[in-house]
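What follows is each chain in one-letter form.
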Amino acid sequence: MTDEDWMALALLEAQKGVGRTAPNPPVGAVVVKDGRFLGAGWHRRAGLPHAEVEAMAAAEWAHGKGCLAGATVYVTLEPCSTTGKTPACTGGLIQAGVSRVVYGCADPNPSHAGAADDIFKKAGITVRARVLEKECGVILRPFAKAQRTGLPWVIWKCAMSLDGRITRPEGEGQWLSGAEARADVQQLRAVVDAILTSGETVRRDKPSLTIRVPELLEGREQPWRVVLTDWPDSLPGEAPLFNDEWKNRTLIRSGGLEEALRGLVKEHGVLSVMSEAGGKLSAALLAAGLVDEAVIYHTPILCGGGTLPALAGEVFPESIELRDVTWERFGADRRVRGLIGKKHE
């Protein structure tokens with residue numbers, strides 16, 4: 001197997017940590033010696049051992065002490081070179097006696113990027129960087145954005161009719177999309193750190209905004225539920241997110257959108273946010289350039305002009321186009337997912 005093959009396995013390990021590690025990134029690692037797989041691991045939660053440590057422990061458990069001498073460690077992110085809640089992984093790898101380190105992405109923190117290379121080389125360890133860098137970078141996008149900008153990765157999620165409406169005519173019921181699409185939304189909630197909504201949505205729909213599949217909650221807490229409103233006193237006290245067993249995971253924020261998002265990163269370690277709101281907040285986020293990705297479920301019905309639009313209240317200076325678009329079907333609904341771009345990108 002090639003370096004790329006082993007890194008692909010490390011990336012599969014990293015996927016297990018998505019939505020569980022904030023404010024740390026999801027990282028995976030694999031240990032190989034003489035072309036033979038020894039062990040794998042992933043970072044499970046902030047404060048717990050990093051992926052490299054987990055992988056080395058798994059290798060020693062399976063093959064005994066001393067098996068790491070001369071081994072190669074594949075890791076999706078450059079090993080950390082500073083001590084935080086856990087020791088620096090560079091020191092642990094050197095102490096273990098590995099002979100080679102291969103990683104996917106450099107540390108997105110400019111003050112740390114590439115620091116591991118010099119440390120390893122001085123210790124006589126061979127380094128190869130940027131293997132499957134693009135693929136590893138996808139899973140690290142929220143962490144990288146927070147490190148570089150102080151803002152979280154923001155996903156705009158919306159379910160709409162074919163004529164761009166997010167509500168049915170009065171008396172037809174709550175749901176636009178079908179059960180399969182709603183199950184997919186549960187999967188999305190399980191990989192973000194916070195869900196953003198508006199006071200208007202809380203007053204109108206009284207949503208719970210929770211992960212309701214027990215298996216998806218394993219190893220993580222409910223996402224923060226963040227209500228943006230300039231009139232907090234008008235919020236309905238009986239709404240589920242103020243009364244359920246996770247009410248301590250509900251935050252109310254007023255003021256500017258960017259300020260609120262920066263506060264989530266700084267105060268709560270949030271890396272990724274999904275917006276589930278009405279047309280006004282959705283349009284405001286997009287107009288302000290704060291959205292990174294869109295996930296839109298199109299359901300094959302027409303709701304008419306008397307119902308609420310998916311985007312309202314803002315005039316965009318130019319059209320917003322999606323790039324790297326994927327399409328997937330969920331029952332009768334079709335999901336469009338892509339990164340936010342502009343015409344000239």
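What comes next is a walk through the structure. These numbers were taken from a predicted model, which means no experiment stands behind them. (Residues numbered from 1 in each chain as written. Predicted model: local features only at pLDDT ≥ 70, side-chain atom pairs only at ≥ 80, totals over all residues. Heavy atoms only, no water.)

1. Quick notes on unusual backbone geometry
Applied cut-off: The way it works is that DSSP assigns letters per residue, a run of H or I at least four long becomes a helix, a run of E at least two long becomes a strand, and they are numbered from the N terminus. Burial classes follow relative accessibility: with a 1.4 Å probe on protein chains only, a residue under 20% of its type's maximum area counts as buried, one over 50% as exposed, and anything between as partly exposed.
With omega at 5°, the peptide bond leading from Ala-22 into Pro-23 counts as cis. Considering the arrangement of structural elements, one finds Pro-23 in the loop between α1 (3-15) and β1 (28-33). Backbone geometry places Leu-132, a non-glycine residue, at a positive phi of 50°. Relative accessible area serves as the criterion here: at 21%, Leu-132 is assigned to the partly exposed category.

2. Concerning the packing of aromatic side chains
Quick reminder of the rule: Pairs were defined over the aromatic rings of Phe, Tyr and Trp, the Trp ring being its six-membered one, requiring ring centres within 6.5 Å. Orientation was assigned from the angle between planes: stacked under 30 degrees, edge-to-face over 60, tilted for the rest.
Applying the stated criterion across every chain, the model contains two aromatic pairs. Ring geometry for Tyr-297 against Phe-330: centres 6.4 Å apart, planes inclined by 65°, an arrangement best described as edge-to-face. Taken together, the positions of Tyr-297 in strand β11 (residues 293-299) and Phe-330 in strand β12 (residues 320-330) put the pair 33 residues apart, joining distant regions of the chain. Both residues of the pair, Tyr-297 and Phe-330, count as buried.

3. Points about the nonpolar core
Our working definition: We call a set of buried Ala, Val, Leu, Ile, Met, Phe, Trp, Tyr and Cys residues a nonpolar core when their side-chain atoms join them within 4.5 Å. Note on contacts: a residue pair is in contact if any heavy atoms of the two residues lie within 4.5 Å.
Counting residues in each nonpolar core, the largest one holds 41 residues, and the members touching the most others are Met-7, Val-31, Tyr-74, Leu-93 and Phe-120. Listing elements by their share of this core, those giving two or more residues are α1, β1, α2 (51-63), β3 (72-77), β4 (100-105), α4 (115-122), α5 (133-139) and α6 (141-149). When residues of this core are assigned to their parent elements, the largest contribution, five residues, is made by α1. With residues near it in sequence (within four places) discarded, Val-31 still touches Arg-36, Phe-37, Leu-38, Gly-39, Ala-55, Met-56, Ala-59, Leu-68, Ala-71, Thr-72 and Val-73.

Treat this as a map of the structure, not an account of what it does.
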